[in-house]
Amino acid sequence: MDCQKQNRGLSLAQCSSSLILVFVWLLSACSTKQGLSPEELVEAKAAFESCLICHSDQEMQRGPIINGLPAWYSRQQLHKFLAGSRGQNPENKSELLMGSARDRFPDERTISLLSRYIETLTPKPYQPVVKADPEKGAALYQSCIPCHGAKGEGNEPLKSPPLNIQEDWYLLDQLRKFASGKRGYHPEDIEGIQMAYTLVNLEGQDLRDLVAYIQEFSISK
Ligand code: HEC
Ligand code: HEC
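None of the values given here were measured: they were computed from a predicted structure. (Residues numbered from 1 in each chain as written. Chains lettered and ligands numbered in written order. Predicted model: local features only at pLDDT ≥ 70, side-chain atom pairs only at ≥ 80, totals over all residues. Heavy atoms only, no water.)

**A closer look at the coordination of the iron atom of ligand 1**
Tetrahedral coordination by four donors sets the ideal angle at the metal to 109.5 degrees; octahedral coordination by six donors sets it to 90 or 180 degrees.
Line of reasoning, step 1. Every protein donor of the iron atom of ligand 1 is listed here as His55 (NE2) and Met98 (SD), and their distances to the metal cover 2.0 to 2.1 Å.
Line of reasoning, step 2. Each of the six donor atoms around the iron atom of ligand 1 contributes to a set of angles spanning 88 to 179°, which defines the coordination as octahedral. Of this pair, His55 sits in helix α4 (residues 52-55) while Met98 sits in helix α6 (residues 93-99); the two residues are 43 residues apart in sequence, bridging distant segments of the chain.
Line of reasoning, step 3. Take His55: its relative accessible area is 11%, and that puts it in the buried class. (Donors = N, O, S within 2.8 Å, 3.2 Å for Na, K, Ca; no water. Tetrahedral: all angles 85-135°; square planar, octahedral: opposite > 155°, others 65-115°. Helix = DSSP H or I, 4+ residues; strand = E, 2+ residues; numbered from the N terminus. Buried < 20%, exposed > 50% of the residue type's maximum accessible area, 1.4 Å probe, protein only.)

So this is what it looks like as structure tokens:
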């Protein structure tokens, strides 16, 4: 199209900038807001089917509901499971189960598709089951804020996940595993080791109180 002939009043610069705007609009209309193109979305959904046996948001799932975890965090974890710095310790049965699924995300492309897809899923509301003292938990939680944020929103540059999405039983289970050396034990799991270290002075009841407090700002309740 000869832009200048059609819009005699427009300068060449104005004309090309309006073309750029149309182009940007077309681009954004073609991709979903989460950054998956329609083709990628189809592929990602198909790949995620293989996860649903353990990660469905229905009753009876064998793993946690992961809907809504940020893409950067799922990606970080899937790489750990693939490399074996998570999911290869026979003493950690549920982590081992997830490790046994690593043939379902064998490369960076699949990991990227899956992680970006998981981020688009709405966190599923759940019924809290951990009953403890949120006031004590609030005091203890002060030490978590620098990494996980005051409302558990997470901090990507510090590689610290949000804590306001996961179910309470899962958070407690993971805290117990960090505290007992079943997670954050592998020499290449730098973030896990760092996390485990933050719990050295805490006891079982402290972990329960922490989770009771974290529930207060959960977005999945
Ligand atoms: C055989 C069951 C099973 C399958 C299949 C499975 N997972 Fe998991 N997954 C688990 C379990 C159990 C955990 C929790 C591990 C733990 O307790 O440490 C987990 C943990 C995770 C986590 C870490 C969550 C967190 O908050 O740290 C991510 C991410 C994840 N799975 C993604 C996937 C994806 C994506 C797939 C499909 C490609 C998949 N899983 C397939 C059982 C499974
Ligand atoms: C120095 C920074 C730091 C501090 C302080 C810290 N964490 Fe973490 N936490 C992390 C990192 C990094 C990870 C991710 C570990 C990984 O990649 O496996 C993590 C992971 C977790 C997880 C696992 C989440 C999941 O989805 O599997 C829980 C639960 C958690 N932290 C709770 C806490 C609580 C509660 C406190 C305070 C008592 C705390 N953290 C203090 C850095 C920190």
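Don't stop here, the text continues.
**Some thoughts on the coordination of the iron atom of ligand 2**
Line of reasoning, step 1. Surrounding the iron atom of ligand 2 are the protein donor atoms His148 (NE2) and Met195 (SD), at 2.0 to 2.1 Å.
Line of reasoning, step 2. Judged by its relative accessible area of 9%, His148 is buried.

**Digging into the site of ligand 1**
Line of reasoning, step 1. Around ligand 1 sit 27 residues, and of these Cys51, Cys54, His55, Ser94 and Met98 come closest.
Line of reasoning, step 2. Here Lys177 contributes a side-chain N or O atom positioned 3.1 Å from an oxygen atom of ligand 1.
Line of reasoning, step 3. Contributions of two or more residues to the shell around ligand 1 are made by α4, α5 (71-83), α6, α7 (108-120) and α10 (168-179).
Line of reasoning, step 4. Grouping the constituent residues of the shell around ligand 1 by class yields 15 nonpolar, six polar and six charged.
Line of reasoning, step 5. Both of domain 1 (36-124) and domain 2 (125-221) provide at least three residues apiece to the shell around ligand 1. (Near = heavy atom within 4 Å. Polar contact = N/O pair within 3.5 Å; in protein donor to acceptor, adjacent residues only side chain to side chain. Nonpolar A, V, L, I, M, F, W, Y, C, P; charged D, E, K, R; others polar. Domains from an automatic or database assignment.)

**So, the site of ligand 2**
Line of reasoning, step 1. Among the 27 residues in the neighbourhood of ligand 2, the closest are listed as Lys80, Cys144, Cys147, His148 and Met195.
Line of reasoning, step 2. Between ligand 2 and His148 there is a distance of 2.8 Å, counted from a nitrogen atom to a side-chain nitrogen or oxygen.
Line of reasoning, step 3. Here the shell around ligand 2 gets five residues from one element, more than from any other, and that element is α10.
Line of reasoning, step 4. Classifying every residue of the shell around ligand 2 gives 13 nonpolar, ten polar and four charged.

**A short note on the side chain of Asp209**
Line of reasoning, step 1. Within the fold, Asp209 resides in helix α12 (residues 204-214).
Line of reasoning, step 2. Although buried, Asp209 forms no salt bridge, and the nearest oppositely charged side chain, Lys136, lies 5.1 Å from it.
Line of reasoning, step 3. Among the polar contacts listed, one links the side chain of Asp209 to the backbone nitrogen of Asp133, at a separation of 2.9 Å.
Line of reasoning, step 4. Apart from the residues lying within four places of it in its own chain, the contact partners of Asp209 are Ala132, Asp133, Pro134, Lys136, Gly137 and Leu140. (Lys, Arg positive; Asp, Glu negative; His and termini not counted. Salt bridge = Lys/Arg side-chain N within 4 Å of Asp/Glu carboxyl O. Contact = heavy atoms within 4.5 Å.)

**Topic: the confidence of the model for the protein chain**
In low-pLDDT segments, the atomic positions of the prediction should not be examined closely.
Line of reasoning, step 1. Averaged over all residues, the pLDDT of the protein chain equals 88, while 84% of them reach at least 70.
Line of reasoning, step 2. The model gives residues 1-10 a pLDDT under 50, and that stretch makes nine contacts with residues more than four places away or in other chains.
Line of reasoning, step 3. Within the model, the stretch residues 19-33 combines pLDDT values under 50 with three contacts to residues more than four positions away or in other chains. (pLDDT = per-residue confidence, 0-100.)

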